[in-house]
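Residues per chain are reported as follows:
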Amino acid sequence: MTQVDPFSDVKKELALHLSAALGVDPTQVMEGIEIPPSEELGDLAVPLRELVPKGSHLELQFKGKLIKSTKIIGIYLNAFVNEDELFRLTFSNMTEDYGILRTSSPLRIVVEHTSANPVHPLHIGHLRNAILGDTLARLLKLRGHEVNVRFYVNDAGRQSAILSYGMSRLGWPDPPIESKKDVWLGLVYACTNVLIEINKLKKVLEELKEKHEEYLSKVRELDEFVAVAKELRDKGQEIFDKLADEIGRDPDPEGSVQKLMQQYERGEEPIRTLMRKVSTYALEGISQTLSFLGIYFDSFDYEGDLLWNGSVEKIINEAREKGILTIHKGASAVSFQGLTEEERRALRIPKGYDVPPLILVRADGTTLYPTRDIAYTLKKYKEFSAHRVINVIAEEQSTPQTQLRATLYLMGFRNEAVNLLHYSYGMVNVEGMRMSGRRGRYISVDDIIDQVRAVVGNRVKSRGGNENVIDELTKGAIRFAIISVAPTKPMSFSIQRAIDFNQNSGPYLQYTYARAHSIVSKMESMPSVEKADTSELVGDKRRLLLQVAKFPEVFVSTTEQLKPEIMATYLNKLADIFNRWYDSERILQEPAEGKRALKLWLAMGVKTVIGNGLSALGINPLSRI
RNA sequence: GGACCCGUAGCUCAGCCAGGAUAGAGCGCUGGCCUUCUAAGCCAGUGGUCGGGGGUUCGAAUCCCCCCGGGUCCGCCA
C-alpha cells in the first residue's frame, strides 16, 4: 500500500525547485522551510538570507504542480499551495490508516514502564509514568517497530518486606473480597510502616533523653507520625489496632523486616511463597486500575526471580572478572573515573558531572537494587533480542540510570549501554497536598478515575448516552491531560482541570470526532473526489485541507521524537478549525453537488485524522456521545 | 559545593532541541448565539518587561555566559 504524505510532497517540490535555482543542497532548503506567521503571507516560507549569496539578483517566480505561486517579501520567499492539487493528492488516496506512516527501518524495542512497588495502589506520579509509557509503546508499534512492554516488579526491596512483615503479624490473611486488593494492602503497608517508625523514634528518644536540639526535632517527627497514625486508624481500626498490638510485642520490628528481606532474597520457604503471593495480590489491584485506562503489559518481571535464578550473582562475578570492581568504603563498587571524554558523551553523561561510584554488593554480602537492574536490563535485551530499551522512570532516578548505562558499558555491553534510554519525566504536584506513599497519604489513580467518571457520568446522562461512553470519555480526559504536557516539565495536577472538558481536552477531541463521524456516516457512500468543487477551497475549508495534509508529518515527528504532546497540540488545532467551520456552514444540506462533495471529503478527512490521532494516543474515538 | 530539569498572559500549557516576519491556545473574566448535520460547540472583548542582566547574530522566547526563583539528585534506600 502506498502511503501518502501530502504536505511533505509540497515541501519537496519547493525544495527541489529552490535548490536547483540557487545551487544548494535540497535537504538544506527542506530544513529551512517554515510556516509564515500569517496566512496572507503564504503557506510556506523559506528565509533566503543563508541560501543566497549577497547581492545576487533573484528571479524566483515559481509555479509547479503543488505550488501555485511564490513571491519574495523581505528576506523570505513565500509560497502558496495549489489547493486544487493538494486536495486531490490528499483525498484520492485516503485510506483508513491515513497518516500512520511505517518506518523503513523497524527496530525491536522494549518499553519498561510503571514498575510501581507492589505495596500500595498507584498514585498520581505512577499515572504519569503509566500513561507516558503506554503511549510511547503504542506510537512505536504504529510506526512499525516491534515493541515489548514490561513491568518490573520490585518484590525484593525493603518496602515489600515491610508490607510482608505487617501481613505476617496479621497471620498472612487474604485481602477481604469486598475490597480492592491493592487498596487494602496499601493500608496494611502504611500502618505497618508508621508503627515501625513510631517504635523506632520512641527508642531513639529514650536514649537521647533531653539532649537539646536533636531531641526536639525527633519529638516533632514523632508527633507527625502519631498524627498520621490517627488518620490511618480512622481508615481501618481493626487492622491498625491488631498491627499496633502485634508490632508492640515484637522486641525488634526492624530486625524482623531485615530478616524477611534476607529470607526472600535467598528464596527460603515458606517466606518465598507467602511474600510472592502478597506482591501478586497488589499487582492484581494495580492491573485492574491500569486496564481501565487501556494499559496492559506483555510481561511482569519479578526482581526475586533474578536473585533466585542466579543472574544477579552472575553479574557480580562478571564484573569481578572484568576487573572493574573496586572497594569503596568497604563495599564492592564500580568506579567511573576511567571513562574517556568520548565514552562519556556516548553514554550521555553531562560534562562536569562526577558520577558517584555504584555499590554492587553491600559489606554484608547482599545486593542492591541497581545491581539487580543490571541483570534485568540484560534480560530485557536478551529475551526480546532488542535493539533498544526504553525505561520510563522519574527524573529523580537519573543518577542510578546513568550509573546503570556506565556499568553496562564498562562490563563490555557497549551497544546495550548506548541504546538504553532513560525516558525521564518531571514530578507531579497535586494542588494543596503533600503526598507520601509511606504514610498512606496520596491521591490514588482510582480516586482520580472515580472523580472524573462521576462528572462525566452526569453530563452523559443529561444527554442520554450510554455507560460505555462514560468510561471512554473518562479515559480520554485523563490520558489527554497527562500527555498534552511535555514530560520534562514538572506538572501540577488538579482534579478541577481534569474535569474541564472544554477545548484542549480528550473529551473535546472525542466530541469533535463524533460530530465529523456522524456527518460522514449519514452518507451511504462518499461522492467521488473528482466531483468536489475545489474552487470552494477558501477560508476554513482551505485551512482544514492544509491541516489534514500535515497529519502524516505530525505522526512521524511525534513518534520519532517520542513527544506525544506534538500530536496533542496538532489535534487540538485541527478540531478548533473544524468546529468553527462546522458552525458557519451546512454540509449535508449543501444544495450544490460539487460543494457538498468537497465539504463531505473535508469532514471525512477530519474524522480520519482525529480518529487515527486519538487512537495513536490510546484514546478511543467515539462515533456517538 | 557539584549535576540535571523547569521558569512564556491571573491560572494551566504550546512555541525553544535544528534562531527568522506583529509571541499562540485553553481556563478565568465581560457580553452575545440552540425550531437547522451533536451547545463538551460558536462569535466578540479582556489579558504578556517570554524570570533578570550581559553576549553572539542582519535577526534571540529560541544559541552562549552570569545571576535569581522552583523542583530533583549527589544513601551499603528504591
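A few points on the structure. The structure presented is a predicted model; accordingly, all values stated were derived computationally and were not measured. (Residues numbered from 1 in each chain as written. Chains lettered and ligands numbered in written order. Predicted model: local features only at pLDDT ≥ 70, side-chain atom pairs only at ≥ 80, totals over all residues. Heavy atoms only, no water.)

**Section: the nonpolar core**
Counting 120 residues, the largest nonpolar core has Leu-14 and Phe-87 as its most contacted members. Counting residues per element, this core draws most heavily on helix 23 (residues 593-616), at 11 residues. Sequence-distant contacts of Phe-87, defined by excluding residues within four places in its chain, comprise Ser-92, Val-529, Ala-532, Thr-534, Leu-537, Leu-545, Leu-598, Trp-601 and Leu-602. Within the second largest apolar cluster, 76 residues are counted, among which are Val-188, Ile-196, Ile-271 and Leu-307. (Core = buried A, V, L, I, M, F, W, Y, C linked by side-chain atoms within 4.5 Å. Buried < 20%, exposed > 50% of the residue type's maximum accessible area, 1.4 Å probe, protein only. Helix = DSSP H or I, 4+ residues; strand = E, 2+ residues; numbered from the N terminus. Contact = heavy atoms within 4.5 Å.)

**Things to note about the packing of aromatic side chains**
Scanning all chains against the criterion turns up 12 aromatic pairs. Judged by centre distance (6.2 Å) and plane angle (50°), the ring pair of Tyr-152 and Tyr-369 falls under tilted. Residue Tyr-152 is found in strand 5 (residues 146-153), and its partner Tyr-369 is found in helix 14 (residues 369-384); the two are separated by 217 residues along the sequence. Grouped by ring-pair contacts, the aromatic residues Phe-87, Phe-91 and Trp-601 constitute a single cluster. When the ring centre of Tyr-302 is taken as reference, the NZ or CZ atom of Arg-276 above it lies at 3.9 Å. The ring of Phe-413 has Lys-322 lying over it, and the distance from NZ or CZ to the ring centre is 5.8 Å. (Phe/Tyr/Trp six-rings, centres within 6.5 Å; stacked < 30°, edge-to-face > 60°. Lys NZ or Arg CZ within 6 Å of the ring centre and 35° of its normal.)

**Describing helix 5 (residues 158-169)**
Look at helix 5: 17 Å from first C-alpha to last across 12 residues, which is about the 16 Å you get at 1.5 Å a residue. For helix 5, the set of buried residues is Ser-160, Ala-161, Ile-162, Leu-163, Ser-164, Tyr-165, Gly-166 and Met-167. In the segment just after helix 5, Gly-171 is the residue with positive phi, at about 85°. (Expected span 1.5 Å × (residues − 1).)

**A few points about the sheet that holds strand 9 (residues 358-361)**
Spatially, 3 strands are ordered 7-8-9 in an open sheet, and the strand pairing comes out antiparallel. Both outer strands of the open sheet, strand 7 (325-328) and strand 9, are each paired with one neighbouring strand and no more. The average angle at which neighbouring strand axes cross in this sheet is 50°, direction not considered. Here 3 bridges tie strand 8 (residues 331-334) to strand 9, and the two strands are oriented antiparallel to one another. Bridged to Ala-333 within strand 9 is Ile-359. Here helix 12 (residues 311-321) sits on the sheet in contact with strand 7, strand 8 and strand 9, set at roughly 100° to strand 7. (Pairing = 2+ DSSP bridges. Axes fitted to C-alpha atoms, helices over the stretch in contact; angles between N-to-C directions.)

**Considerations on the pairing of strand 3 (residues 76-81)**
For strand 3, the buried fraction is high: 5 of the 6 residues fall into the buried class. Relative to strand 3, strand 1 (residues 44-47) is paired through 4 bridges, and the arrangement is antiparallel. What sits directly across from Pro-47, in strand 3, is Tyr-76. By the bridge criterion, 6 bridges tie strand 2 (residues 67-73) to strand 3 in an arrangement that is antiparallel. Its bridge partner being in strand 3, Ser-69 is matched across the sheet by Phe-80. Between strand 2 and strand 3, which pair antiparallel in sequence order, lie 2 residues; one of them, Gly-74, sits at a positive phi of approximately 60°.

**Describing the protein's contact with RNA strand B**
Looking at RNA strand B, there are 72 residues lining it, with Tyr-76, Lys-329, Arg-362, Arg-463 and Tyr-511 nearest. Counted by atom, the contact set of RNA strand B within 4 Å of the protein is 67% sugar and phosphate. Between Asn-502 and RNA strand B, the recorded distance is 2.9 Å, taken from a side-chain N or O atom to a phosphate oxygen. Separating a phosphate oxygen of RNA strand B from a side-chain N or O atom of Gln-503 is a distance of 2.5 Å. (Near = heavy atom within 4 Å. Polar contact = N/O pair within 3.5 Å; in protein donor to acceptor, adjacent residues only side chain to side chain.)

**Overview of the side chain of Thr-367**
Structurally, Thr-367 can be placed in the loop between strand 9 and helix 14. Looking at Thr-367, the relative accessible area reads 5%, which means it is buried. In terms of polar contacts, Thr-367 uses its side chain to reach the side chain of Glu-265, at 3.0 Å. Leave out the neighbours within four places in its chain, and Thr-367 touches Glu-265, Leu-307, Val-312, Ile-316, Leu-360, Arg-362 and Arg-372.

**Remarks on the side chain of Gln-403**
Here Gln-403 shows up in helix 15 (residues 398-410). Relative accessible area serves as the criterion here: at 7%, Gln-403 is assigned to the buried category. Setting aside anything within four residues of it in sequence, one finds Gln-403 in contact with Phe-336, Val-355, Pro-356, Pro-357 and Leu-358.

**Considerations on the sheet that holds strand 2**
If you walk across this open sheet you meet the 3 strands as 1-3-2, and the pairing is antiparallel. The two strands at the open ends of the sheet, each matched to only one other strand, are strand 1 and strand 2. Averaged over all adjacent pairs, the angle separating strand axes in this sheet is 20°, with direction ignored. Those strands touched by helix 1 (residues 6-22) are strand 1, strand 2 and strand 3, and its axis lies near 35° from that of strand 1.

**Side note on the packing of helix 21 (residues 539-560) against helix 22 (residues 564-584)**
Contact geometry of helix 21 with helix 22 gives a least axis separation of 10 Å together with a crossing angle of 165°. The angle between the axes of helix 21 and helix 22 places the two elements in the roughly antiparallel class. At the point where helix 21 passes helix 22, the crossing takes the left-handed sense. Two secondary-structure elements touch here, helix 21 through Asp-540, Lys-541, Arg-543, Leu-544, Gln-547, Val-548, Lys-550, Phe-551, Val-554, Phe-555, Ser-557 and Thr-558 and helix 22 through Pro-564, Ile-566, Met-567, Tyr-570, Lys-573, Leu-574, Ile-577, Phe-578, Arg-580 and Trp-581. Here the residues of the contact of helix 21 with helix 22 sort into 13 nonpolar, 3 polar and 6 charged. (Parallel < 35°, antiparallel > 145°, perpendicular 65-115°, else oblique. Left-handed = near helix turned anticlockwise from the far one by under 90°. Nonpolar A, V, L, I, M, F, W, Y, C, P; charged D, E, K, R; others polar.)

Spatial relationships are all this shows, so hold off on functional conclusions.
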